[in-house]
Every structure is written in C-alpha cells, then in structure tokens.
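Working through the structure, step by step
Residues per chain, in single letters:
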Amino acid sequence: MMNSEMYVGLDIGTTSIKVIVAEKVKGQMNVLGLGNERSEGVSRGIIVDIDKASESIRRAVNQAEEKAGIQIHDVIVGIPANQLKIEPCSGMVAISDQSREISDEDVKNVTVSAMIKNLPPEREIMDTLADEFIVDGFDGIKDPRGMVGVRLEMKGRIITGPKTIIHNIRKAVQRAGLNPSSIINMPLAQGMTILDDGEQDFGTVLIDLGGGQTTASVVHDHQLKFTTVDSEGGEYITKDISVVLNTSLESAEKVKRDYGYADEIEASESNEFPIEVVGQSQPVRISEKYLAEIIQARVDQIFTRMYKSLSSISALNLPGGIVLTGGVAALPGISELAADRFDTNVRVYIPDQMGLRHPSFSLPLSLVTYRANMSEIQVLVRSSLEGKTVVNNTQSNDDFIGNDYGDDVIDNSSEYIQQDNQPQQPSKPKKSGSKLAKSTKGRLKRFYQDFFE
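Below: a short report on this structure. (Residues numbered from 1 in each chain as written. Predicted model: local features only at pLDDT ≥ 70, side-chain atom pairs only at ≥ 80, totals over all residues. Heavy atoms only, no water.)

1. Description of the overall build of the protein chain
Counting secondary structure elements, the protein chain contains 12 helices and 19 strands. When each of the 453 residues of the protein chain is scored for burial, the buried share is 54%. Restricting to contacts in the protein chain with at least 6 residues of sequence separation, those with at least 24 account for 69%. Summed over all atoms, the accessible surface of the protein chain reaches about 20,100 Å², with 46% contributed by carbon and sulfur. (Helix = DSSP H or I, 4+ residues; strand = E, 2+ residues; numbered from the N terminus. Buried < 20%, exposed > 50% of the residue type's maximum accessible area, 1.4 Å probe, protein only. Contact = heavy atoms within 4.5 Å. Areas by Shrake-Rupley, 256 points an atom, 1.4 Å probe, with all protein chains shown as cover.)

Laid out in structure tokens, this is it:
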C-alpha cells in the first residue's frame, strides 16, 4: 500500500473505531473509503479487552474495504497521549564510507546512537524526531545525505509511552489480521496537520474533545512541546444526561446530538423536545436550555482542569490561541464557551473532505495525512526505530530503547511530561489569582524564556 501512495488510518477511540482509506495524488489526499463502528473493549482511550477491541477493529476495516474496493493489510495506528513523555536526544557517529559521503546507513546509525539510553521497564519508545543534523560542526542541516564529512551528529527528540498501552494496541490490531506498519502519536499527527503553518510556528493549543478523554497539545516552532490528558470526555456528558433526565444512555446520546448546546446562553427556553423517561409511559418534554445546563456543567469541569494545566506553563498566551476538534467540538456554542473560559481566540476544526465534515473524523484523517507528508529523511529516521532492535540495558527482550526519566536527567521537565488530571472538585477558572503577568508583552517574553528556550 505504501508503495502505491495509499494509506489506511486507524483511530481506536473510546466510543467508536474509525478507519480511513486515502490515496495521495499530486500532493492531495483523496479519501476512498471509511469505516465507522461502535467501539468495544476500550475505556478512556485505552484498550482493556483485546478480543473485543480486535473484533470492533475488524468490523470497521471490513466497512472501509467494502467502500474502497480494496483489501487492507497495513494500517497507520494512532497512540493516545496518556502518560506521554518527550525528551531531547542526541547522537554522534563517524562516517563509515571511505569516500566520506553520508549515506542512508549513516543516518540510521546516528539515529540509533541517539536512542541508546536506558528506559524504565514499563516504557517504550513510540517515535524519534530529528530536529537537525550536524556535519563536522556545521549545524542546521535537515538532510545530510550526499554531503561529505567525517563526523555526523543528530539532535532531536524521543517520544515514549507506557509499554502496556502500546502492546495492547499492537496486539489488538494484529489479532484483527492487520499489520501496524506505523504507530504514530495522536497529538503529533493532529498538530502537524490540523494547524496551519503560522499556528505551528507562533504557537497554538490544540484540544481534542474525544468520547473517553480530552487531550490538550501545545505546538510551537513546528514542534510538539507539551501534552496533557483529562480523563473525561463526551461519554461523561452522555452519562450526566442519562442520570439527570432518568433516561437510557442511547436516548441521552441521541438528544445530545440532536438538541445539545455546550453554552446555555445560546439554547432556547421555549424550544422543547420529547425524551423517553424510565418509569414513564409517555415521553417527557425537556427544554433545550435545561439540556444545555447539564452539558455545560460537565464541559466547564473539563475546561477548568485544562485551564489550570495550560496556564501553569503560560501556553494560553500563545498567538495562535486554541483550536478545538474531536466529537464534542461539534456541539453548538462550544467555541464561544471555550473563548470565555480560556480568555483567548478559539476556532473549531472540521475536515473539509466530502463525507468527513465532522470534527470526530479529524484524528484518522490526520494519521494518514501526517504519514503521507513525511519527508524521506523522516521516514528514514523512523525506520531506525521500526525496523531494528537495539538494546543498551538489562532488558534483552525489549523491542526499543530509550532514556531513564529521573528528575536529574531532564531540565525543565514540565515542558515534556504529560499529566493526567483527575481533581474531585473542580472550580470555574478565574482570572484573578492566576500566575499570568498583567502585561501581554511581559507574559509572552516570560513564556518564550521559561518554557520553550
């Protein structure tokens, strides 16, 4: 598939499994088929039952195969940001060729040398990103192949995640009869495809409002700088509606999609709709405003925790503001509510491809777009991770190698460490008492000095 410029993205979500078959033609991604099945065996973005998850994957893939008219073997799989860690890495090798011309093998060797560090037994390398190559002291090189030198260095970043999460995803995909040809971090794929060039350059916060959890990512200088995960998402909104209105989860999900508003200000008190209530022989009429109050209460909780995490690193001062995506981002009024709570500019990203014009399809589309747009050097660097086994610790059966993440190893580790936030009593974010400087100029200066430099 990869040789024919055809790509298959697999999004294993809490509420649904989505598969997109796309073909890259003259720089454009054309979607050929789509599979969308209810997810089973997945909780809060994590696979908890491999057999059930693999069956859901198989059904979604069968749908995509039928619509695209092809047989799918290889898939690009998304990995959630739970307990994600990003750390700088560097490596150096001597040029092996007698002509001193840098080859593909030299690039692979220097990538492997950058990854030769110790990893805790519960973690695994998910990705290796090369920021620059240095040839005999000359830096800022993006692709050193064909150059002449005696010493090659690489500076970049490694992304690691919990081995259990990665293993379960890989196992479920393989059990569904598929080959996970690429395993890509979701925030990385979304940030590099959803955000435009200016947003990636000057800095933007991307918030994915998923069914099982909410993920916020900070992208600046065309790099993923920070991620944080909140363990609540659209599924919790549905449960709230079900409990408050005493209706089934199916009915709660339907009224949320058909009549729900994220901001109660935009909902109407006079507009009512019927809802089936347990123990009642006749449907009960509920106003849009009452439903919006239930929805907004949960969304406020999520935004409050996100506000605390993002404001602690001054990410809300970035010029790009916030971009919302994910299924919950389809709720009317979500951008207005977010703009009020985060006090910054907000927009909602919706894919423009025919049949995918809903924010819930942004992730699988991002996976195939990111993989299709990878440069030759990026593919070569990734091949060092995917195609070889390199061990430099006592775990001789590990597939990958990485670094020990002690506090004495990483400087400014808050930039790189993902957080799972689960406070019991969240409060509405307040501008007073925050650590943000009063002057916008001062806030930006402090942000660039303390966070990204």
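2. Things to note about the sheet that holds strand β9 (residues 138-141)
Judged by pairing direction, the sheet is antiparallel, and its four strands sit side by side in the order β7-β10-β8-β9 without closing on themselves. Only two strands of the sheet have a single neighbouring strand rather than two, namely β7 (85-94) and β9. Strand-to-strand, the axes of this sheet are offset by a mean angle of 35°, without reference to chain direction. Here β7 runs beside strand β10 (residues 151-162); their pairing, made up of 10 bridges, is antiparallel. What sits directly across from lysine 85, in β10, is threonine 160. Running over the sheet, helix α3 (residues 163-175) touches β8 (123-135) and β10 and is turned about 80° from β10. (Pairing = 2+ DSSP bridges. Axes fitted to C-alpha atoms, helices over the stretch in contact; angles between N-to-C directions.)

3. What about the pairing of β9?
Two elements, β8 and β9, share two bridges in a ladder whose sense is antiparallel. Residue phenylalanine 133 lies in a different strand from β9, and its bridge partner there is isoleucine 141. Between β8 and β9, which pair antiparallel one after the other, the connecting turn spans two residues, and aspartate 136 there sits at a positive phi close to 50°.

4. A word on the packing of helix α4 (residues 186-194) against helix α10 (residues 362-372)
Contact pair α4 / α10: the axes reach a minimum separation of 8 Å and the direction vectors enclose 80°. By the angle between their directions, the pair α4 and α10 is classed as roughly perpendicular. Note on element contacts: α10 touches α4 through Ser362, Leu363, Ser366, Leu367, Thr369 and Tyr370, opposite Met186, Leu188, Ala189, Gln190, Met192, Thr193 and Ile194. (Parallel < 35°, antiparallel > 145°, perpendicular 65-115°, else oblique.)

5. Some points on the nonpolar core
Leu10, Ile12, Ile57, Ile72 and Val173 are the most contacted members of the largest nonpolar core, which totals 61 residues. Leu209, Ile237, Phe273 and Leu310 belong to the second-largest nonpolar core, a separate cluster that totals 37 residues. (Core = buried A, V, L, I, M, F, W, Y, C linked by side-chain atoms within 4.5 Å.)

6. Observations concerning the environment of lysine 289
Turning to its location among the elements, lysine 289 is positioned in helix α8 (residues 288-311). You can call lysine 289 partly exposed: its relative accessible area is 21%. In sequence terms lysine 289 and tyrosine 259 are 30 residues apart; their C-alpha atoms lie 9.6 Å from each other. With sequence-adjacent residues up to four places away left out, lysine 289 is seen in contact with Glu264, Ala267, Ser268 and Glu269.

7. Some words on the pattern of salt bridges
The tally for this structure, following the rule as stated, stands at 23 salt bridges. Taking the shortest distance from any N to any O, the salt bridge between arginine 175 and aspartate 51 comes out at 2.6 Å. Of this pair, arginine 175 sits in helix α3 while aspartate 51 sits in helix α1 (residues 50-68), and the two are 124 residues apart along the sequence. For aspartate 51, a relative accessible area of 49% puts it in the partly exposed group. A salt bridge links glutamate 272 to arginine 285; the shortest N-O distance between them is 3.6 Å. Residue glutamate 272 is found in strand β15 (residues 272-275), and its partner arginine 285 is found in strand β16 (residues 284-287); the two are separated by 13 residues along the sequence. (Salt bridge = Lys/Arg side-chain N within 4 Å of Asp/Glu carboxyl O.)

8. Notes on the side chain of serine 366
With respect to the helices, strands and loops of the structure, serine 366 is situated in helix α10. We classify serine 366 as buried; its relative accessible area is 3%. Here serine 362 takes part through its backbone oxygen, which lies 2.6 Å from a polar atom of the side chain of serine 366. Discounting residues that sit within four places of it in the chain, serine 366 has contacts with Ala189, Gln190, Thr193 and Ile194. (Polar contact = N/O pair within 3.5 Å; in protein donor to acceptor, adjacent residues only side chain to side chain.)

9. Considering the pairing of β15
Burial of β15 is one-sided: the residues Phe273 and Ile275 facing one way are buried, the residues Glu272 and Pro274 facing the other way are not. Pairing analysis gives four bridges linking β15 to β16, with the strands arranged antiparallel. By the bridge assignment for β16, phenylalanine 273 is matched with isoleucine 286.

10. Re the sheet that holds strand β3 (residues 28-38)
Spatially, β3-β2-β1-β6-β11 is the arrangement adopted by the five strands of the open sheet, whose pairing is mixed. Only two strands of the sheet have a single neighbouring strand rather than two, namely β3 and β11 (179-185). Taking the axes of each pair of neighbouring strands and ignoring which way they run, one obtains an average angle of 25° across the sheet. Inspection of the sheet shows strand β6 (residues 74-79) paired to β11 by six bridges, in the parallel sense. Residue pairing for β11: isoleucine 76 is matched across the bridge by serine 182. Across the sheet, α4 lies against β1 (6-12), β6 and β11, angled at about 70° from β11, the strand it touches most. α10 contacts β1, β2 (16-25), β3, β6 and β11 of the sheet and is inclined by roughly 140° relative to β1.

11. Re the packing of α1 against α3
Direction vectors running N to C along α1 and α3 enclose 55°, while the axes themselves pass 8 Å from each other. By the angle between their directions, the pair α1 and α3 is classed as oblique. Here α1 runs over α3; the crossing is right-handed. Across the interface between the two elements, Ile50, Asp51, Ala53, Ser54, Ile57 and Arg58 of α1 pack against Asn168, Lys171, Ala172, Val173 and Arg175 of α3. In terms of residue class, the contact of α1 with α3 is built from five nonpolar, two polar and four charged. (Left-handed = near helix turned anticlockwise from the far one by under 90°. Nonpolar A, V, L, I, M, F, W, Y, C, P; charged D, E, K, R; others polar.)

12. Thoughts on helix α7 (residues 249-259)
Ser251, Ala252, Val255 and Lys256 are the residues of α7 that are buried. Down the axis of α7, the sector holding all buried residues measures 135°, keeping them to one side. Facing away from the buried side of α7, by more than 90 degrees, are the exposed residues Glu250, Lys254 and Arg257. Buried-residue contacts for α7 involve α6 (234-245), β15 and α8. (Arc of directions from axis to C-beta.)

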